[in-house]
Amino acid sequence: MTPQEYVQQKAAASGSSFYYAFLFLPAERRAAITAFYAFCREVDDVVDEVSDPQVAAVKLAWWRKEVASAFAGQPSHPVMQALLPHSSAFGIRPEHLMAVIDGCQMDLDQTRYLDFAGLERYCHLVAGVVGEVACSIFGRSSEQTIQYAHRLGLAMQLTNIIRDVGDDARRGRIYLPISELQQFEVKAHEILQRSAPWGYSERFSALMSFQAQRAHRLYDEAFALLPEADRNTQKPGLMMANIYRSLLVDIERQGFQVLHQRTSLTPLRKLWIAWRTHWRGH
């Protein structure tokens, strides 16, 4: 299997909304974003699939060395072999990849966030930086487009957090800020138990509605930042945004039933949203 085939398989196997947006890109940009996405998946899988935190930390340390070696001209992993040829053309720098690793390291080091400022730092590393790299691969003419992409990355990560409350709780993690749990009088153990008798209380619904409103606000702020001149090249990001926001709306309509299930969109619906965004341009 060639490095290009490896990253293509990695991206397609994830079933992610990102994959559907990549389909509409020109060949070189599609190859670059697929390789970058595969890198993000590889690093993220270390945290999600390795049960021993010490082993996961060793693997992340290996990835740090691999990034350094790759940019020194000696990539050994197929993901880096596929990504490196595109780094110069699209401004992908070692610090971008290291930031993603730093974000995954945070998953190993902490399972709670005191306030939104702390959570926002995490979102910056695992999503904001990813958005910045992606928008450069898609093509941009304005520095303001980086601000748009970063804000959009935060909105999408908050959508992920809302969707995955139950899954994360099963792993002992709560990404919802402690200060906001206290604000809505929701106890951490209520979330961690997932199927406890208290169920989906009004307190929990109010907490989740607060999270959703913030995510919607970030989507709106991101769209407002996107310069008209870059709207066409940034269509893949807009496709992803529309897919994620549709997911958020579905979760809201279902009354935030996120503790016992993981809401998702069908592949056909994702493809339809991507196609519609491609032709409408927004």
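Residues numbered from 1 in each chain as written. Predicted model: local features only at pLDDT ≥ 70, side-chain atom pairs only at ≥ 80, totals over all residues. Heavy atoms only, no water.

1. A closer look at the overall build of the protein
Right, on to step 1. A tally of regular secondary structure across the protein gives 14 helices and zero strands.
Right, on to step 2. Secondary structure elements in the protein, listed N-terminal to C-terminal, are α-α-α-α-α-α-α-α-α-α-α-α-α-α.
Right, on to step 3. The C-alpha radius of gyration of the protein comes to 19 Å, within 12% of the 19 Å expected for a compact globule of 282 residues.
Right, on to step 4. Residues classed as buried in the protein amount to 51% of the 282 residues present.
Right, on to step 5. Counting only contacts in the protein whose residues sit at least 6 apart along the sequence, the fraction spanning at least 24 positions is 71%. (Helix = DSSP H or I, 4+ residues; strand = E, 2+ residues; numbered from the N terminus. Rg over C-alpha atoms; globule rule 2.2 N^0.38 Å. Buried < 20%, exposed > 50% of the residue type's maximum accessible area, 1.4 Å probe, protein only. Contact = heavy atoms within 4.5 Å.)

2. Quick notes on the pattern of salt bridges
Right, on to step 1. With the rule as written, the count across this model stands at 20 salt bridges.
Right, on to step 2. In this structure, the salt-bridge partner of Glu42 is Lys10, at a minimum N-O distance of 3.8 Å. Here the residue Glu42 occupies a position in helix H3 (residues 27-49), and Lys10 occupies one in helix H1 (residues 3-14), the gap between them amounting to 32 residues.
Right, on to step 3. Residues Asp45 and Lys10 are paired through a salt bridge, measuring 3.0 Å at the closest nitrogen-oxygen approach. Of this pair, Asp45 sits in helix H3 while Lys10 sits in helix H1, and the two are 35 residues apart along the sequence.
Right, on to step 4. We classify Lys10 as partly exposed; its relative accessible area is 21%. (Salt bridge = Lys/Arg side-chain N within 4 Å of Asp/Glu carboxyl O.)

3. Description of the confidence of the model for the protein
Right, on to step 1. Mean pLDDT over the protein stands at 92; residues scoring 70 or higher make up 96%.
Right, on to step 2. Looking over the protein, one finds the lowest element-wise mean pLDDT in helix H2 (residues 17-22), namely 74, and the highest in helix H10 (residues 178-183), namely 98. (pLDDT = per-residue confidence, 0-100.)

4. So, the packing of helix H7 (residues 116-138) against helix H8 (residues 144-163)
Right, on to step 1. One way to put it is that H7 packs onto H8 with a least axis distance of 7 Å and a crossing angle of 125 degrees. By the angle class used here, H7 and H8 are oblique. Taken as a pair, H7 and H8 cross one another with a handedness that is right-handed.
Right, on to step 2. Tallied by class, the residues present in the contact of H7 with H8 amount to 13 nonpolar, seven polar and two charged. (Axes fitted to C-alpha atoms, helices over the stretch in contact; angles between N-to-C directions. Parallel < 35°, antiparallel > 145°, perpendicular 65-115°, else oblique. Left-handed = near helix turned anticlockwise from the far one by under 90°. Nonpolar A, V, L, I, M, F, W, Y, C, P; charged D, E, K, R; others polar.)

5. Considerations on the packing of aromatic side chains
Right, on to step 1. Evaluated as defined, the whole model comprises 10 aromatic pairs.
Right, on to step 2. Ring geometry for Trp272 versus Trp275: centroids 5.4 Å apart, planes at 25 degrees, classification stacked. Of the two residues, Trp272 and Trp275 both sit in helix H14 (residues 267-280), three residues apart, roughly one turn of that helix.
Right, on to step 3. These aromatic residues form a ring-pair network of at least three members: Phe39, Trp62 and Trp63. (Phe/Tyr/Trp six-rings, centres within 6.5 Å; stacked < 30°, edge-to-face > 60°.)

6. Things to note about the side chain of Gln211
Right, on to step 1. One can find Gln211 in helix H12 (residues 202-225).
Right, on to step 2. What makes Gln211 buried here is its relative accessible area of 4%.
Right, on to step 3. Setting aside its immediate chain neighbours within four residues, Gln211 contacts Ile162, Leu176, Pro177 and Glu180.

7. Concerning the side chain of Gln157
Right, on to step 1. By the element assignment, Gln157 lies in helix H8.
Right, on to step 2. Judged by relative accessible area, Gln157 falls into the buried class, the value being 14%.
Right, on to step 3. Beyond its immediate chain neighbours, meaning those up to four positions away, Gln157 contacts Tyr122, Cys123, Val126 and Ala127.

8. So, the packing of H3 against helix H5 (residues 78-87)
Right, on to step 1. Contact geometry of H3 with H5 gives a least axis separation of 9 Å together with a crossing angle of 135 degrees. Considering their axes alone, H3 and H5 lie oblique with respect to each other. Crossing hand, H3 versus H5: left-handed. Here H3 contributes Glu28, Ala31, Ala32, Ala35, Phe36, Ala38, Phe39 and Glu42 to the contact with H5, which in turn contributes Val79, Met80, Ala82, Leu83 and His86.
Right, on to step 2. Considering only residue class, the contact of H3 with H5 consists of 10 nonpolar, one polar and two charged.

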